[in-house]
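Each chain, letter by letter, is given below.
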Amino acid sequence: MGLLRNLKTAKKLALLIAIEILALVLVGVMSLIFMKNIANETEKMFTHRFIPNQWLGKVIEDNRAIDEDILELMITKNSIRNKEMIDDIVTLQKEINDVMEKLFSAKLTPAEMEKLEAYKKSDIDLQKLQEKVIQLARNNQNTEAYQLYTAELLPQVELVNTTLKDLQKLNEKVADQLNDNNKQTINNAILLVILISAISIIVLILIGLFITKMIVKPTNHIAKLLSKAENGDFTVKGTYQSKDEIGKLTASFNNMISGLQGIIKTVRDTSQQVAAASEELTASADQTTAATEHVATAIQEIASGAEQSSAKIEENSNSLNEILHGVTRIAESSTNVSELSRETSTEAEEGGNSVEGTLSQMKFIHESVNNLNEVIQTLSNRSYEIGKILDVISGISDQTNLLALNAAIEAARAGECKCQPKS
């Protein structure tokens, strides 16, 4: 069973064909044997029955011809014709003797041999009487010859012919028996051939069903597994173990399922990594948002400082205008020189303070710009990390597409296997 199960499908089919051929050869050989036996029996019937029966008919016919020649010999007085009749009688008797020798060498039944022996004795007496009648006819003693012919020769001829006819009947009876035996042999041969053919057909059907079951059952099993896998169930596993094509297909299917399970596990792990990366990306986005808010705050501070600097510059301008007016007033009125000098000194101090404040604002702006540059550099690094994460996501997407393509190919193969006709 295991050996037959491990055979390849082609060898299983070849085994089935070999058994069919063997059955056909067996039926053919048996038919040839019976036909040969029937031919032999027919030949025996022809050789030992039909031909001997013809020989017996020939003997009867020759005896009648001899009887006719004797009658003509008694009637005619022509010496030449008499000689012809005598020669013809001699020839016919020689033919009868030759035929009788053949009959004695033929395969006859004991009853036929007994009749043949009886004929032989009767024929000896017949030939003696024929010689006497012929001698009388040759001497033109036709009256005596005819009396001997009617008194003794005719009854003897009748006895010989009756013996030959009885021998023919025995031969025909044996031939009928042989014919019946041949018919019975033919009937037995037909029944035996039918029986062998029926047994061969039953055995072939059983073996064919067995081999078909060995092929179809695991094929349906693997088809169901492929159908489940096509519907997304990757926990199935083939249990058919053999060294044939279906066993190898089952092993390949199990390997494919194991590979898909590994890929699914990898995808799951990668998805977790993607989720973690997404969380990191979210955190980076939060940091980026915070940095952006910080940049906005810095820009607002820079703008505020610029407004303050503008206000200080405007104040300085006003102060300078006032200084100019003061100088003018000094020129116009020297009396107010000391007061204006004091006011100028005061305004100059205020202008110096304004300039120092402006310098402080410019320094703050410079620091803010440096901070902004660092924030922008940080954003650039985050963007580079985001790019790497996007590349990872893209690679995962490509792997997912490749897995989907492989699954589609395996489903198509499963569909082809499912649509193929059965062996």
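Each remark here, short or long, concerns the structure printed above.
The paragraphs below set out a description of the structure included in this document. These numbers come from a predicted model, not from an experiment.

Glancing now at the overall build of the protein. Check the secondary structure of the protein and you find seven helices and zero strands. For the protein, the N- to C-terminal ordering of α and β elements is α-α-α-α-α-α-α. When each of the 423 residues of the protein is scored for burial, the buried share is 29%. Sequence separation of 24 or more characterises 76% of the internal contacts of the protein that already satisfy a separation of 6 or more. When the accessible area of the protein is evaluated, it comes to approximately 27,000 Å², of which 59% is carbon and sulfur surface.

The next thing to look at is the environment of Thr42. As for its placement among the helices and strands, Thr42 is situated in helix α2 (residues 9–75). In this structure the C-alpha to C-alpha distance between Thr42 and Ala175, which are 133 residues apart in sequence, comes to 9.9 Å.

Contact pair helix α4 (residues 110–138) / helix α5 (residues 142–230): the axes reach a minimum separation of 9 Å and the direction vectors enclose 160 degrees. Taken together, α4 and α5 sit at an angle that is classed as roughly antiparallel. Note on packing geometry: the crossing formed by α4 with α5 is left-handed. The residue inventory of the contact of α4 with α5, partitioned by class, reads 20 nonpolar, six polar and eight charged.

The next thing to look at is a nonpolar patch on the surface. A cluster of nonpolar side chains, contributed by Ile17, Ile21, Val25, Val29 and Ile33, occupies part of the molecular surface with about 410 Å² of accessible area. The topology assignment puts Val25 in helix α2. Judged by relative accessible area, which is 46%, Val25 ranks as partly exposed.

Looking now at the packing of helix α3 (residues 79–105) against α4. Relative orientation of the contacting elements α3 and α4 amounts to 170 degrees, with a least axis distance of 12 Å. As summarised for this structure, α3 and α4 are arranged roughly antiparallel, according to the angle between their axes. The segment α3 lies against α4, with Ile86, Ile89, Gln93, Ile96, Asn97, Met100, Leu103 and Phe104 engaging Met113, Leu116, Glu117, Tyr119, Lys120, Asp123, Gln127, Gln130, Ile134 and Arg138.

Core analysis: the largest hydrophobic core is formed by 33 residues, its most contacted members being Ile70, Val133 and Leu153. Not counting residues up to four positions away in its chain, the partners in contact with Ile70 are Ile89, Gln130, Val133, Ile134, Tyr149 and Leu153. In terms of nonpolar packing, the next biggest core, distinct from the first, is built from nine residues, Leu225, Leu226, Val236 and Phe253 among them.

Okay, α4 next. With 29 residues, α4 extends 41 Å between its outermost C-alpha atoms, agreeing within 8% with the 42 Å of an ideal straight helix rising 1.5 Å per residue. Glu112, Leu116, Tyr119, Ser122, Asp123, Leu126, Leu129, Gln130, Val133, Ile134, Leu136 and Ala137 are the residues of α4 that are buried. Backbone geometry just after α4 places Asn140 at a positive phi near 60 degrees.

Rules used in this analysis
- Residues numbered from 1 in each chain as written.
- Predicted model: local features only at pLDDT ≥ 70, side-chain atom pairs only at ≥ 80, totals over all residues.
- Heavy atoms only, no water.
- Helix = DSSP H or I, 4+ residues; strand = E, 2+ residues; numbered from the N terminus.
- Buried < 20%, exposed > 50% of the residue type's maximum accessible area, 1.4 Å probe, protein only.
- Contact = heavy atoms within 4.5 Å.
- Areas by Shrake-Rupley, 256 points an atom, 1.4 Å probe, with all protein chains shown as cover.
- Axes fitted to C-alpha atoms, helices over the stretch in contact; angles between N-to-C directions.
- Parallel < 35°, antiparallel > 145°, perpendicular 65-115°, else oblique.
- Left-handed = near helix turned anticlockwise from the far one by under 90°.
- Nonpolar A, V, L, I, M, F, W, Y, C, P; charged D, E, K, R; others polar.
- Patch = residues over 30% accessible without salt bridge, like charges linked within 9 Å, V, L, I, M, F, W, Y side chains within 5 Å.
- Salt bridge = Lys/Arg side-chain N within 4 Å of Asp/Glu carboxyl O.
- Core = buried A, V, L, I, M, F, W, Y, C linked by side-chain atoms within 4.5 Å.
- Expected span 1.5 Å × (residues − 1).

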